[in-house]
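# Observations on chain architecture
Take a look at the letters that make up each chain.
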Amino acid sequence: MDCSLCNGTTVSVYGSSGNYRNDKVGVCWNCYGEEVNKMMNLMNINKEKGTLSGITIKNATKWVEEAKKREEECNKHIGLLAVAFREGSYSDIQVKPGNGPSIPAHRFLLATTSEVLKTMLASDLCKSAPIDSISLPEFNHEELETFLEFLYCGKLAKEKFDMHFQSLTLAADKYVIPHLQTYCEQHILKLLDSSNALEILEFSETLSNEVLKVASLTSILSHKKEIYFSPSFEDFARHNPNLMVQIARAHCEKET
């Protein structure tokens, strides 16, 4: 299940018997630490004695209200950015894909979301007057639009991500965008199944991503009969001899 606070980290909840529970609320460690610290400050924790003081319904209610307010403010700002992107309001730069029309954007957002993009913009600014366009030729128009939508909104519809996850993940690595890297990895793991395990294994090799590689190998071995006798497996084997070696070794390790 996803963390109930940030909705971005997958967590697992287990009962006392060690069985997985899907009827509980899960919170990732990052959110847990941050929110617990805030709650401790709110409740006047006596850290030296390790005891609680001043715990009241009023304090707890205040904490919940503050957390809700922070969430509403965050959603409000994200909503404003989304509107600015859709309408091209006060855009000051055109982003050109490899093919298709350019898309209006804002320098400040590109520069604050990626140090690589910031450097690209800064180097051009030093040479001449402020540029009115920047080229990201690895994207086609639709891929670029999806990439920019994520930069402005921080999330994507599942259908868009599933369609463009490869170009998004490659861009996250190329332009060093940590929150997009995390988002892509987590959502690729969610869409991983027997129908795309070979594709994701091949993609993980391109990215040198061990998390995706292990997950895709596990999926392949869990559905080996279905995958090994599929038409796509023969084509995969011809083009990926190194990965075939890794599949064989993983198979042997599982059998022993």
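Residues numbered from 1 in each chain as written. Predicted model: local features only at pLDDT ≥ 70, side-chain atom pairs only at ≥ 80, totals over all residues. Heavy atoms only, no water.

## Description of helix α8 (residues 197–207)
Within the sequence span of α8, burial applies to A197, L198, I200, L201, F203, S204 and L207. Buried residues in α8 make contact with α6 (158–174), α7 (178–191), α9 (210–222), α10 (224–228), α11 (231–239) and α12 (241–255). Count one or two residues on from α8 and you reach S208, which has phi positive near 60°. (Buried < 20%, exposed > 50% of the residue type's maximum accessible area, 1.4 Å probe, protein only. Helix = DSSP H or I, 4+ residues; strand = E, 2+ residues; numbered from the N terminus. Contact = heavy atoms within 4.5 Å.)

## Let's talk about the packing of α8 against α11
In a pair of packed helices, the angle between the axes and the distance between the axes together describe the arrangement. Orientation of α8 relative to α11, taken along the N-to-C sense of each, is 20°, at an axis distance of 10 Å. Compared by their axis directions, α8 and α11 come out roughly parallel. When you trace α8 past α11, the crossing you get is left-handed. Of α11, the residues touching α8 (which contributes L198, L201 and E202) are S232, F233 and F236. (Axes fitted to C-alpha atoms, helices over the stretch in contact; angles between N-to-C directions. Parallel < 35°, antiparallel > 145°, perpendicular 65-115°, else oblique. Left-handed = near helix turned anticlockwise from the far one by under 90°.)

## Description of the packing of aromatic side chains
We describe a pair of aromatic rings using the distance from one ring centre to the other and the angle between the two ring planes. With the rule as written, the count across this model stands at eight aromatic pairs. Aromatic pair F161 and F165: ring centres 6.4 Å apart, planes at 35°, arrangement tilted. One end of the pair is F161 and the other is F165, both in helix α6 and four residues apart, which spans about a single turn. Assigned by exposure class, F161 and F165 land together as buried. Taken together, the ring pairs in this structure connect F150, F161, F165, Y183 and F203 into an aromatic cluster. (Phe/Tyr/Trp six-rings, centres within 6.5 Å; stacked < 30°, edge-to-face > 60°.)

## Here's the deal with the pairing of strand β1 (residues 93–96)
Residues I93 and V95 of β1 are buried on one face, while the alternating residues Q94 and K96, pointing to the opposite face, are not. Pairing analysis gives three bridges linking β1 to strand β2 (residues 103–105), with the strands arranged antiparallel. Within β2, the residue paired with V95 across the bridge is I103. The turn joining β1 and β2, which pair antiparallel and follow one another in sequence, is formed by six residues; a positive phi near 95° is taken by G100. As judged from the three bridges shared by β1 and strand β3 (residues 133–135), these two strands associate in the parallel manner. Along β3, the bridge assignment pairs V95 with I134. (Pairing = 2+ DSSP bridges.)

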